[in-house]
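# Observations on the three-dimensional arrangement
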Amino acid sequence: MKDEEPFLLDDPARLRALAHPMRRLILRHLNIHGPATSTTIGALLDAKTGTTSYHLRQLEKYGFIEEIPERSAGRERWWRRTETPRDMRAPAPGQLAPEDRPVLEEFHRVGFEEDRALLERFPEAYRRDPDWAKGSRGLGRMTKEEFAEFFDAYIALLLRYSHRAQDAPPGARPMFIRMFALPADEP
């Protein structure tokens, strides 16, 4: 699959794997800081090694991380993110069976909790260095088709200017980038 092609995250089991807060924290750590062990992740997240090991195995089971055999020795296992598509999209509720829709709601709830926490960090980040913290709010009028084109163009722009860790030029930093949109004329 090409990196530019959207990957629909419509497998309920994979969605469930990503809907767990600790697993999302683990993935974030591996994305930003690179490979780690369950012990180092446990220390960072204030969790027992057995707990982090369980969550690491779940992430491995669904293809989000992999063990690094050449760095692992004995009981110490090193983990890294796999080369997953960068454009992963959640399915529409109607694309899932009714009994699987609650996991989609939990996936979104956990993600927006993370986004809320990032939003609370924004003013301080902006005070520290406004060249590295940008914010924008707007109101636009679009048809459903135009909005779909806008979203696809946003993702294309994000992919164009984002680098995987191994391909990043000197001076590149990991950036949290969020865009969300919803109708303004609904309560």
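Residues numbered from 1 in each chain as written. Predicted model: local features only at pLDDT ≥ 70, side-chain atom pairs only at ≥ 80, totals over all residues. Heavy atoms only, no water.

The next point concerns the pairing of strand 4 (residues 78-81). Along any regular strand, the residues point their side chains to alternate faces of the sheet. Of the pairings in the sheet, the one linking strand 2 (residues 36-37) to strand 4 comprises two bridges and is antiparallel in character. Bridge pairing in strand 4 links A36 to W79. Note: strand 3 (residues 65-67) against strand 4, three bridges, orientation antiparallel. The residue bridging I65 from the neighbouring strand is R81, located in strand 4. (Pairing = 2+ DSSP bridges. Helix = DSSP H or I, 4+ residues; strand = E, 2+ residues; numbered from the N terminus.)

Right, let's talk about the packing of aromatic side chains for a bit. Scanning all chains against the criterion turns up four aromatic pairs. Centroid distance F112 to F180: 6.3 Å. Interplanar angle 75°. Geometry classified as edge-to-face. Separated by 68 residues along the polypeptide, F112 in helix 5 (residues 101-128) and F180 in the segment after helix 6 (144-161) bring together distant segments of the chain. Ring centres of F122 and Y126 lie 5.7 Å apart, and the angle between their planes is 25°; on these two criteria the pair is classed as stacked. Here F122 pairs with Y126, and both are found in helix 5, just four residues apart, close to one helical turn. For F122, a relative accessible area of 29% corresponds to the partly exposed category. The ring of F107 has R24 sitting right over it, with the charged end atom 5.3 Å from the ring centre. When the ring centre of W132 is taken as reference, the NZ or CZ atom of R173 above it lies at 4.7 Å. (Phe/Tyr/Trp six-rings, centres within 6.5 Å; stacked < 30°, edge-to-face > 60°. Buried < 20%, exposed > 50% of the residue type's maximum accessible area, 1.4 Å probe, protein only. Lys NZ or Arg CZ within 6 Å of the ring centre and 35° of its normal.)

This brings us to helix 3 (residues 38-45). Buried within helix 3 are the following residues: S38, I41 and G42. Considered in projection along helix 3, the buried side chains sweep an arc of 100° and stay on one side of the axis. Along helix 3, exposed side chains directed more than 90 degrees from the buried face belong to A43 and L44. Looking at the buried residues of helix 3, the elements they touch are helix 2 (21-33), strand 2, helix 4 (49-61) and strand 4. Of the residues one or two after helix 3, D46 is the one with positive phi, at around 55°. (Arc of directions from axis to C-beta. Contact = heavy atoms within 4.5 Å.)

Taken by themselves, the reported measurements are silent on function.
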